[in-house]
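These are the residues of each chain, in order.
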Amino acid sequence: MYFSGKTLLVIFGVAICINALSVENFNVTNPPPMMNSIKTTKIPITEGDWTFDVITKVEGDKKTVTSAITYYSGKTKSVVIVPSILGGSPVTKISSQAFGHHGEINAVYVPSSVEEIGDWAFYDLNTAAFISFANPQVKIDDFAFQSSGNAKLYLPSNTLLKNAGGKEVFTNNTEEISLKINNPTNVIIGGGNYLNIS
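Let me sum up the structure you'll find in this document. It should be emphasised that the depicted structure is a prediction, and the values quoted were computed from it without experimental measurement.

Position of Thr159 among the secondary structure elements: in the loop between strand E11 (152-154) and strand E12 (163-164). When its relative accessible area of 7% is taken as the criterion, Thr159 is described as buried. Among the polar contacts made by the side chain of Thr159, one reaches the main-chain amide nitrogen of Leu161 at a distance of 3.2 Å.

Right, here's the structure in full:
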């Protein structure tokens, strides 16, 4: 019987696969550890003036649920207090262009729960006098304040940041305060710790 080179290669490959899959190589009681797989789901929700994603991350037995603000639709408030809880989950991020193009905003207070500010998050807020962050370790994208030249950036005095998002960081005349936010009908919004500017 004559086999061509390609046929022998296929037969050899099949033999290796069968050997690798033999019952002796499986250990059913102690399967090999799986790679650290992270499963993430995002559900967009709107409550009142806030549109946000509820993000669920599952890694092994660990499950975390957070909220990321994707858009603020309010048009009448000159002072905006960002909730620390939306959809029953802590707000940990303000996403790209969440506060873009708001000519009515004079001040924004961001709670200590927020850990990350996306690029262009506060785009074109030229009327804002200041934006206050209560988390001294907040990660602010380099382009977070594009076209928001007038707004001063305030962080707590224990921050290590001197500049963030292309702005100088101010820490003087600040104090941490706790606020409670009254919930509108059928909305789960929470207050938290904020940095007040005096």
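Moving on, we get to the sheet that holds E12. Sheet architecture is open: six strands sit in the order E4-E7-E9-E11-E13-E12, paired in mixed fashion. Each edge of the open sheet carries a strand with a single partner, namely strand E4 (79-81) and E12. In this sheet, strand E13 (residues 167-170) lies alongside E11 in parallel orientation, the contact comprising two bridges. Residue pairing across strands places Leu153 opposite Val169, the latter belonging to E13.

With that out of the way, let us pick up the nonpolar core. Generally speaking, a soluble globular protein has its nonpolar side chains buried in company with each other. Judged by nonpolar contacts, the single largest core of 32 residues is most densely connected at Ile94, Phe99, Ile117, Phe122 and Phe133. For this core, the secondary structure elements donating two or more residues are strand E2 (50-59), strand E3 (62-72), strand E6 (89-94), strand E7 (107-110) and strand E9 (130-133). It is E2 that provides the largest number of residues to this core, a total of three residues. Residues in contact with Phe99, not counting those within four places in the same chain, are Trp50, Tyr72, Val80, Val82, Ile94, Ile105, Ala121, Phe122, Tyr123 and Leu125. If you look at the next biggest cluster of nonpolar residues, it comprises eight residues, including Tyr109, Ala134, Tyr194 and Leu195.

Rules of the game
- Residues numbered from 1 in each chain as written.
- Predicted model: local features only at pLDDT ≥ 70, side-chain atom pairs only at ≥ 80, totals over all residues.
- Heavy atoms only, no water.
- Helix = DSSP H or I, 4+ residues; strand = E, 2+ residues; numbered from the N terminus.
- Buried < 20%, exposed > 50% of the residue type's maximum accessible area, 1.4 Å probe, protein only.
- Polar contact = N/O pair within 3.5 Å; in protein donor to acceptor, adjacent residues only side chain to side chain.
- Pairing = 2+ DSSP bridges.
- Core = buried A, V, L, I, M, F, W, Y, C linked by side-chain atoms within 4.5 Å.
- Contact = heavy atoms within 4.5 Å.

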